[in-house]
Amino acid sequence: MEGTATGLTALIESVGTILTSFLEWFTTVSSNLIANPMIALMFGLGIALLIYKLVVGLVGKASFRKRGRRK
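Residues numbered from 1 in each chain as written. Predicted model: local features only at pLDDT ≥ 70, side-chain atom pairs only at ≥ 80, totals over all residues. Heavy atoms only, no water.

### Remarks on the packing of aromatic side chains
Thinking step 1. Under the definition given, this model contains two aromatic pairs.
Thinking step 2. Judged by centre distance (5.8 Å) and plane angle (35°), the ring pair of Phe 22 and Trp 25 falls under tilted. On the criterion of helical spacing, the pair formed by Phe 22 and Trp 25 is a turn pair, its members being three residues apart in helix H1 (residues 2-35).
Thinking step 3. Look at Phe 22 and Phe 26: their rings are 6.3 Å apart centre to centre, the planes differ by 25°, and that puts the pair in the stacked class. Of the two residues, Phe 22 and Phe 26 are both situated in helix H1; the distance of four residues between them amounts to about one turn of the helix.
Thinking step 4. Exposure remark for Phe 22: the relative accessible area of 46% places this residue in the partly exposed category.
Thinking step 5. We classify Phe 26 as partly exposed; its relative accessible area is 45%. (Phe/Tyr/Trp six-rings, centres within 6.5 Å; stacked < 30°, edge-to-face > 60°. Helix = DSSP H or I, 4+ residues; strand = E, 2+ residues; numbered from the N terminus. Buried < 20%, exposed > 50% of the residue type's maximum accessible area, 1.4 Å probe, protein only.)

No statement about biological role is implied by the geometric values presented.
Structure representation (structure tokens):
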């Protein structure tokens, strides 16, 4: 029974180490991307485009001009 607990503990520690390493890498990559103004500009433009499409879609659905048209 003792060997199983030791093996499980080692597995949990290994998984924790892998997750910690991945989060450190992700933090480093994210910080470098945010620090780059060109990447931040492209990301901001992408978000602005999504918001624009959402607003245009909602306004288009709310307009009453479509009722008179035939399909």
